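Here's the letter readout for the chains.
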Amino acid sequence: SWTRDPADPAIVGGLVSKMITVDRADNKLTPNIYAVMVKAKSPDMALSVLTILHEETISVIRENKIRNAQALLNGLRKRYTESTEIAYRSAFLEQIMRQEKRLLMLQDPQYPIIDLVDPPSFASAPQVIPIGIGLAAGLLAGFFIALILNILLYLFKGRKTADI
């Protein structure tokens, strides 16, 4: 007999793809809004998965933005040193200062990389009534309705005969 490694990427990927759904908003005014939904057996587990996913997403986006900002900064510095025109050097220096400021902000963990529109929330599962209780309640309600209708019928029959 053989066993599978629980950390096998194919197994984990399959579980995650069944558990997590990401939908992009179909709004042209806000094209970069995504809804992330997690299907889990408990709200606590879903909240934990959403929290981990949010933190990892921020980390990946931050790393990509830092790498892009660093590459742009290196290109600006190279052009600055190669330029002989004073006006160009001044413009490159201004852009270098802006890019260094942006890079410092991106490296700060408190600097927001993405905005969380709605905090994680969960829909409560519908309450399922056991079939026995539902059947008993239905029979009891039916009995009381029939009793009330019979009483009303008896009362109205008695009035019709008294008026004639």
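Residues numbered from 1 in each chain as written. Predicted model: local features only at pLDDT ≥ 70, side-chain atom pairs only at ≥ 80, totals over all residues. Heavy atoms only, no water.

**Student:** Explain helix α2 (residues 43-82) here, please?
**Tutor:** Taking 1.5 Å as the rise per residue, α2 with 40 residues should run 58 Å; its terminal C-alpha atoms sit 58 Å apart, in good agreement. When α2 is considered as a whole, its buried residues turn out to be Ala46, Val49, Leu50, Ile58, Arg62, Ala69, Leu73 and Leu76. (Helix = DSSP H or I, 4+ residues; strand = E, 2+ residues; numbered from the N terminus. Expected span 1.5 Å × (residues − 1). Buried < 20%, exposed > 50% of the residue type's maximum accessible area, 1.4 Å probe, protein only.)

**Student:** Before we go on, may I ask you to explain the nonpolar core in this structure?
**Tutor:** Soluble globular proteins tend to bury their nonpolar side chains together. Among the nonpolar cores identified, the biggest contains nine residues, and these are Ile58, Ala69, Leu73, Leu76, Phe92, Ile96, Leu103, Leu106 and Ile113. Sorting the residues of this core by element identifies α2 and α3 (86-107) as the ones contributing at least two each. Apart from the residues within four sequence positions on either side, Ile113 is in contact with Ile58, Ile61, Arg62, Lys65 and Leu106. Counting residues in each nonpolar core, the second largest holds six residues, with Ile20, Val38, Val49 and Leu50 among its members. (Core = buried A, V, L, I, M, F, W, Y, C linked by side-chain atoms within 4.5 Å. Contact = heavy atoms within 4.5 Å.)

**Student:** What is the right way to look at the packing of α2 against α3 in this model?
**Tutor:** The axes of two packed helices give the description: the angle between them and the distance between them. Where α2 meets α3, the closest approach of the two axes is 9 Å, and the angle between their N-to-C directions is 160°. Taken together, the axis directions place α2 and α3 in an arrangement best described as roughly antiparallel. Read as a crossing pair, α2 and α3 show a hand that is left-handed. The segment α2 lies against α3, with Arg62, Lys65, Ile66, Ala69, Gln70, Leu72, Leu73, Leu76, Arg77, Arg79, Tyr80 and Thr81 engaging Arg89, Phe92, Leu93, Gln95, Ile96, Gln99, Glu100, Arg102, Leu103, Met105, Leu106 and Gln107. For the contact of α2 with α3, the class distribution of residues is 12 nonpolar, five polar and seven charged. (Axes fitted to C-alpha atoms, helices over the stretch in contact; angles between N-to-C directions. Parallel < 35°, antiparallel > 145°, perpendicular 65-115°, else oblique. Left-handed = near helix turned anticlockwise from the far one by under 90°. Nonpolar A, V, L, I, M, F, W, Y, C, P; charged D, E, K, R; others polar.)

**Student:** Any chance you could explain the pattern of salt bridges here in plain terms?
**Tutor:** Between side chains of opposite charge, a pair can form when the charged atoms approach closely. Scanning the entire structure with this criterion turns up three salt bridges. Where Arg77 meets Glu100, a salt bridge forms, and the shortest distance between an N and an O atom there is 2.5 Å. With Arg77 in helix α2 and Glu100 in helix α3, this residue pair connects regions lying 23 residues apart in the sequence. When the shortest N-O distance is used, the salt bridge between Glu94 and Arg98 registers 2.8 Å. Of the two residues, Glu94 and Arg98 are both situated in helix α3; the distance of four residues between them amounts to about one turn of the helix. (Salt bridge = Lys/Arg side-chain N within 4 Å of Asp/Glu carboxyl O.)

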